[in-house]
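Structural characterization, general
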Amino acid sequence: MVDLHQHSIYSDGTSTPAELVERAVSLSLTAMALTDHDTTAGLDECARFAAEAGVRFIPGVEFEACEGPHVLGYFGGRPGPAIATAERDYRRFRTESLLIVLECLAKEGFELDPDSVLDRAASGTPLVSHVVAEMKDLGYLSSLDRLIEEFTRLFGPEGPAALPDVTENQWPVVELIQMLRDSGAVSVLAHPWESDLALLPEMIEAGLQGIEVYNRNAHLTGNVENLKRLAERHGLVMTGGWDYHGEAQAARLAKSDLTGFAPPDELLEPLLDLVAAVPA
Ligand SMILES: [Zn+2]
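The rules behind each value
- Residues numbered from 1 in each chain as written.
- Predicted model: local features only at pLDDT ≥ 70, side-chain atom pairs only at ≥ 80, totals over all residues.
- Buried ≥ 20, exposed ≤ 12 C-beta atoms within 10 Å, placed from the backbone.
- Helix = DSSP H or I, 4+ residues; strand = E, 2+ residues; numbered from the N terminus.
- Pairing = 2+ DSSP bridges.
- Core = buried A, V, L, I, M, F, W, Y, C linked by C-beta atoms within 7 Å.
- Contact = placed C-beta atoms within 7 Å.
- Axes fitted to C-alpha atoms, helices over the stretch in contact; angles between N-to-C directions.
- Domains from an automatic or database assignment.
- Nonpolar A, V, L, I, M, F, W, Y, C, P; charged D, E, K, R; others polar.

Looking at the pairing of strand 7 (residues 237-240)
- Residues of strand 7 alternate between two faces, with Val237 and Thr239 on one and Met238 and Gly240 on the opposite face, all of them buried.
- Pairing analysis gives 4 bridges linking strand 6 (residues 208-214) to strand 7, with the strands arranged parallel. Bridge pairing in strand 7 places Ile211 opposite Met238.

Below is the structure:
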């Protein structure tokens with residue numbers, strides 16, 4: 001089994017890169033990728049721990065486009081400089097949006113130090129997960145069981161700290177794919193079942209080379225075979241992963257039946273061949 005879609009504390013995961021590598025070892029993964037939202041900040045650290053543990057590591061990233069699709073990028077080595085502008089831009093509007101959330105929370109009586117929240121993301125992407133982690137540590141949020149309820153009350157669309165809509169700040173999908181290619185990445189459409197597939201021809205034209213066939217929702221809705229056919233029809237490589245965000249998410253997922261979900265080792269070689277062919 002491989003897991004080519006995982007998030008760390010550098011975006012909205014709750015695991016450190018070292019913990020993700022530990023998980024890879026405990027699951028005997030053939031290969032793992034780190035694909036944090038909007039940032040490559042955790043890649044060197046993760047590569048180091050993976051090398052020490054003898055785990056095959058593929059550096060990656062994930063960006064959401066303004067039209068909705070999430071695009072994964074996989075690198076053969078270190079990302080090229082072309083990605084820096086996108087990383088800076090996404091970090092800027094995510095930070096602005098988070099500061100608005102913190103102001104709203106203050107009005108509700110939750111005093112949080114913005115620097116302390118932003119520090120949690122280090123050089124990565126500050127997201128609401130970092131606010132939640134800070135609130136948990138300060139005792140503002142209760143047990144894991146009640147967390148979802150409290151999260152929805154505060155941050156849901158009707159909540160007092162509703163997350164600002166940043167859709168318009170996100171890049172058009174074609175620009176994201178071109179930027180990823182320029183930075184040496186192979187672009188893959190993440191969890192395609194949640195995207196408008198009418199955009200697929202345009203994305204392929206821009207340089208999209210793969211599609212995440214083995215993803216949880218496709219598995220749960222019985223759509224893996226449909227996605228395989230879609231990949232074959234468009235000559236796209238297939239990838240797969242858990243879209244893992246840490247133990248809290250894993251505990252939630254344990255409630256849905258993911259029996260048999262295991263992105264197979266065979267996904268690896270075709271992806272690595274493509275990755276090796278991208279000019280660095
Ligand atoms: Zn993801």
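Some remarks on the nonpolar core
- The biggest cluster of nonpolar side chains holds 52 residues, and the ones touching the most others in it are Met32, Val71, Tyr74 and Leu176.
- Looking at which element gives the most residues to this core, the answer is helix 7 (residues 173-182), with 5 residues.
- Setting aside anything within four residues of it in sequence, one finds Tyr74 in contact with Ala33, Ile58, Gly60, Ala185, Val186, Val188, Leu271 and Val275.
- One finds Leu105, Val132, Leu141 and Ala161 within the second-largest nonpolar core, a separate group that totals 9 residues.

Notes on the sheet that holds strand 3 (residues 56-64)
- A sheet is described by the order of its strands in space; here 7 strands give the open sequence 1-2-3-4-5-6-7, paired in mixed fashion. Bordering the open sheet on either side are strand 1 (2-3) and strand 7, each of which pairs with just one other strand.
- Of the pairings in the sheet, the one linking strand 1 to strand 2 (residues 31-34) comprises 2 bridges and is parallel in character. Looking across to strand 2, one finds that Asp3 is bridged to Met32.
- Its contacts with the sheet put helix 2 (residues 43-53) on strand 2 and strand 3, and the angle it makes with strand 3 is roughly 155°.

Quick word on the environment of Thr85
- Take Thr85: it is sitting in helix 3 (residues 83-107).
- Separated by 15 residues in the primary sequence, Thr85 and Ile100 place their C-alpha atoms 23 Å from one another.

Some thoughts on unusual backbone geometry
- The residue Ser28 is not glycine, and still its phi comes out positive at about 50°.
- With respect to the helices and strands, Ser28 occurs in the loop between helix 1 (17-26) and strand 2.
- Since 8 C-beta atoms lie within 10 Å of it, Ser28 is described here as exposed.
- Even without being a glycine, Asp38 presents a positive backbone phi close to 60°.
- Of note, Asp38 is situated in the loop between strand 2 and helix 2.
- A residue is classified by how many C-beta atoms lie within 10 Å of it, and Asp38, with 25 of them, is buried.

Let's talk about the domain arrangement of the protein
- The assigned domain composition of the protein is domain 1 (2-86 + 168-277) and domain 2 (87-167).
- Counting from both sides, the interface comprises 22 residues of domain 1 and, opposite them, 18 residues of domain 2.
- Put simply, the parts of the chain that give the side of domain 1 that touches domain 2 at least two residues each are helix 3 and helix 11 (247-253).
- For the side of domain 1 that touches domain 2, the element with the most residues is helix 3, which contributes 4 residues.
- Residue composition of the side of domain 1 that touches domain 2, by class: 9 nonpolar, 9 polar and 4 charged.

Comments concerning the pairing of strand 4 (residues 70-75)
- A large share of strand 4 lies buried, amounting to 6 of its 6 residues.
- As paired strands, strand 3 and strand 4 are joined by 5 bridges and run antiparallel to one another. Paired with Gly60 across the two strands is Tyr74, which belongs to strand 4.
- The antiparallel pairing of strand 3 with strand 4 creates a hairpin that spans 5 residues between the two strands, and Gly68 there sits at a positive phi of about 120°.
- The sheet contact formed by strand 4 and strand 5 (residues 185-189) spans 5 bridges and is antiparallel. Paired with Phe75 across the strands is Ala185, a residue of strand 5.

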